[in-house]
Amino acid sequence: MTTTAAAQLTAATAQRHLLLHMTANGSLGDEGEDLLVVQRGEGPYVHADGRRYIDGLSGLYCCQLGYSYGSEFAEAAERQLRELCYSPLWTGSAHPSAIELAERLSWIAPVDIEHTFFSSGGAEAVETAWKIARRYHTLRGEPGRTKAIARRGAYHGLTVGTLSFNDDPGLTEPYGPPAIDTRFVSNTNRLGLAPEFADDEVYTAWLLAELESAILTEGPETVAMLIAEPVQNRGGCITPPQGYWQGLRALADRYGFLLVADEVITAFGRIGEWFGGDRYGACPDMVTVAKGITAGYAPLGATLVGTKVTEVINRPGAVLNHGYTFAGHPLSTAIALRNLEIMERDRVLDNVRALQGDLAKRMAALKDLPIVGDVRGTGFFYSCELVGDLDDGAFSARARTELIGDLIPRRLREAGLLARVYNRSAPLVQIAPPLISDRALLDRIAAIIAGTLAEASSRI
């Protein structure tokens, strides 16, 4: 049987038995012909449907090292599994690789963050941050802090709790009222704003004033935490203005809520630093991570917790009634330790820092195309926000269907690039290539996007 035939058989079987995430499963075709079945990878490439593709999204922002370190991770996994296959982090029990990883994370974490609570993924890490925040405030005698603040357009996970922090009716409305009372404030996207907001000082002051007004309206004594990504993924790699994170810290201190940096995507080198917030002077009370912590070689999430918080929740007699069966699994923590070792040894962050300027220039040049309204991002993390054929820059139903829904994703794949194409309120093309990518590959990615969007521009 040929590779293509095997892939078609696998796709048909998937259509009959596998429910995909975030997918209109009933629209994949009777034999799953619209399903991309990824069979193997090497370097920054994956193989599917008998073709090789550039993995322009690092899987799902996970595969920081690409796909050529399998033997090293297999060796670490085999050693761990031969020694200890499972032990819970539960009721006074731990195991060596979780302890070692928690210590290792404290070395690279933001200042005053010394403890780690492990989970199995990013949504669990965010939900953990919420429960720790509630426990912290209750132990301090403020059980009335039951509200959260998040930003418009944000995405922080799909569990029932984390859905509350998502500003996306398509994700939230099917499941009824949110579990957590959340107030949404502006994100830091400047596209379409008044010209004076091009000035960082002016824009930051406006954002913080809006946030403070929301805090006062809700009642400062009711707010438990504010959660934000250093670079917001949903809405298209939205970077903050200078002074923004320092302002968030000041408001958190003034009104007594906890500041949470959601770094599920931005940590572990995505923007050239161990933690994305380091680039912007962030000083959070907690940091949530997942994805790049294991470079995609195993599932793992973590909530990194600051000393201010642990001094309260670790009071003698206080119990943190929260946990997950597979959190901090020995296999996953061993893989994460090897990942950090490889990233340091092979100077992966240095590669991002050395090439991010070139990628920035190539991506910025896309603004010259009529269909590109804005290019945003930093490091190895960029989005093009697209504008359409209507006077206000929106897409007509025809253009949205033909260009965003069909032409752009089809041409990108035909050219050998897997990227993300959002066909929602703000259509986007997004890339997050493996951090081991070289200059030639980044140039190739930018060239494919340029060619695709040039054709799309000609059809508006």
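Before going into details, it helps to say that this report is about the structure given with it. (Residues numbered from 1 in each chain as written. Predicted model: local features only at pLDDT ≥ 70, side-chain atom pairs only at ≥ 80, totals over all residues. Heavy atoms only, no water.)

## A look at the sheet that holds strand β11 (residues 372–378)
Logical step 1: Strand order in the open sheet formed by four strands is β11-β12-β15-β14, and the pairing between neighbours is antiparallel. Across the chains shown, the open sheet's two edge strands, defined by having one partner strand only, are β11 and β14 (420–422). Neighbouring strand axes in the sheet, compared pairwise and without regard to direction, differ in orientation by 15° on average.
Logical step 2: Relative to strand β12 (residues 381–386), β11 runs antiparallel, the two being bridged by six bridges. Across the sheet, the residue bridging to Gly 377 is Tyr 382, located in β12.
Logical step 3: Of the strands in this sheet, β12, β14 and β15 (428–431) touch helix α13 (residues 397–414), which is tilted by about 170° from β14.
Logical step 4: Helix α14 (residues 439–458) contacts β11, β12 and β15 of the sheet and is inclined by roughly 170° relative to β15. (Pairing = 2+ DSSP bridges. Helix = DSSP H or I, 4+ residues; strand = E, 2+ residues; numbered from the N terminus. Axes fitted to C-alpha atoms, helices over the stretch in contact; angles between N-to-C directions. Contact = heavy atoms within 4.5 Å.)

## Observations regarding the packing of aromatic side chains
Two numbers describe a pair of aromatic rings. These are the distance of the centres and the angle of the planes.
Logical step 1: Tallied over the entire structure, the rule returns nine aromatic pairs.
Logical step 2: Plain terms: the ring middles of Phe 197 and Tyr 203 are 5.5 Å apart, the flat faces sit at 55° to each other, and that makes the pair tilted.
Logical step 3: You can call Phe 197 buried: its relative accessible area is 13%.
Logical step 4: A cation over an aromatic ring shows up here: Arg 52 above the ring of Tyr 45, its NZ or CZ 3.7 Å from the ring centre. (Phe/Tyr/Trp six-rings, centres within 6.5 Å; stacked < 30°, edge-to-face > 60°. Buried < 20%, exposed > 50% of the residue type's maximum accessible area, 1.4 Å probe, protein only. Lys NZ or Arg CZ within 6 Å of the ring centre and 35° of its normal.)

## Some thoughts on the pattern of salt bridges
Logical step 1: Counted according to the given criterion, the structure contains 35 salt bridges.
Logical step 2: Of the charged contacts in the structure, one is a salt bridge between Arg 140 and Glu 142, with a shortest N-O distance of 2.9 Å.
Logical step 3: One salt bridge in this structure joins Glu 273 and Arg 353, with 3.1 Å as the shortest N-O distance. A residue pair is termed long-range when its members are at least 10 positions apart, and Glu 273 in the loop between β8 (258–262) and α9 (276–279) and Arg 353 in helix α12 (residues 348–364) qualify at 80 residues.
Logical step 4: Residue class for Glu 273 comes out partly exposed when judged on its relative accessible area of 22%.
Logical step 5: One continuous salt-bridge network, built from bridges that share partners, spans Asp 406, Arg 410, Arg 411, Glu 414, Glu 455 and Arg 459. (Salt bridge = Lys/Arg side-chain N within 4 Å of Asp/Glu carboxyl O.)

## Description of the packing of helix α7 (residues 200–218) against helix α8 (residues 244–255)
Logical step 1: Across the interface, α7 lies against α8 with an axial gap of 10 Å and an inter-helix angle of 25°. Relative to α8, α7 is oriented roughly parallel. When the axes of α7 and α8 are compared, the crossing they make is right-handed. Contacts from Thr 204, Leu 207, Leu 208, Leu 211, Glu 212, Ile 215 and Leu 216 of α7 reach α8 at Tyr 244, Gly 247, Leu 248, Leu 251, Arg 254 and Tyr 255.
Logical step 2: Taken together, the residues of the contact of α7 with α8 sort by class into nine nonpolar, two polar and two charged. (Parallel < 35°, antiparallel > 145°, perpendicular 65-115°, else oblique. Left-handed = near helix turned anticlockwise from the far one by under 90°. Nonpolar A, V, L, I, M, F, W, Y, C, P; charged D, E, K, R; others polar.)

## Regarding the sheet that holds strand β10 (residues 301–306)
Logical step 1: An order of β4-β10-β9-β8-β7-β5-β6 is seen for the seven strands of this open sheet, with the pairing classed as mixed. Both edges of this open sheet fall to β4 (113–119) and β6 (181–185), since each of them pairs with a single strand only. Ignoring which end each strand starts from, the neighbouring axes of this sheet average 20° apart.
Logical step 2: Note that strand β5 (residues 147–151) and β6 share five bridges and pair parallel. In the sheet register, Ile 149 faces β6, and the bridge partner there is Arg 183.

## Section: α13
Logical step 1: End to end, α13 covers 24 Å across 18 residues, agreeing with the expected 26 Å (1.5 Å per residue, within 8%).
Logical step 2: Of all the bends in α13, the largest measures some 35° and sits at Leu 407, one to four residues before the proline Pro 409.
Logical step 3: Every buried residue of α13 is listed here: Ala 399, Leu 403, Ile 404, Leu 407, Ile 408 and Leu 412.
Logical step 4: Those residues of α13 that are buried are in contact with β12, β13 (417–418), β14, β15 and α14.
Logical step 5: Phi for Gly 416, located one or two positions after α13, is positive at around 90°. (Expected span 1.5 Å × (residues − 1). Bend = angle between axes of the 7 residues up to and from the residue.)

## Looking at the environment of Arg 398
Logical step 1: Relative to the assigned elements, Arg 398 resides in helix α13.
Logical step 2: Its relative accessible area of 38% is what places Arg 398 among the partly exposed residues.
Logical step 3: Every residue in contact with Arg 398, bar those within four places of it in the chain, is listed here: Asp 389 and Arg 459.

## Quick notes on the pairing of strand β3 (residues 51–55)
Logical step 1: Sheet topology places strand β2 (residues 45–48) next to β3; four bridges connect them, and they run antiparallel. Within β3, the residue paired with His 47 across the bridge is Arg 52.
Logical step 2: The antiparallel hairpin formed by β2 and β3 contains two residues in its connecting segment, where Asp 49 sits at a positive phi of about 55°.
Logical step 3: Judged from the two bridges that link them, β3 and β13 form a sheet pairing that is parallel. Each residue of the ladder has a partner; that of Asp 55, found in β13, is Leu 418.

## With respect to the nonpolar core
Logical step 1: In terms of nonpolar packing, the biggest core is built from 98 residues, with Leu 386 and Leu 453 touching the most fellow members.
Logical step 2: Among the elements that make up this core, the one with the highest residue count is α14 (seven residues).
Logical step 3: Core analysis: the next-biggest nonpolar cluster, separate from the first, contains 21 residues, Phe 165, Ala 224, Leu 258 and Val 305 among them. (Core = buried A, V, L, I, M, F, W, Y, C linked by side-chain atoms within 4.5 Å.)

## Looking at the state of the cysteines
Logical step 1: Under the defined criterion, the tally for this structure stands at zero disulfides.
Logical step 2: The thiol of Cys 63 is unpaired, and the distance to the nearest cysteine sulfur, on Cys 62, comes to 5.9 Å.
Logical step 3: The thiol of Cys 384 is unpaired, and the distance to the nearest cysteine sulfur, on Cys 237, comes to 9.3 Å.
Logical step 4: Overall, the relative accessible area of 0% leaves Cys 384 in the buried class. (Disulfide = S-S within 2.5 Å.)

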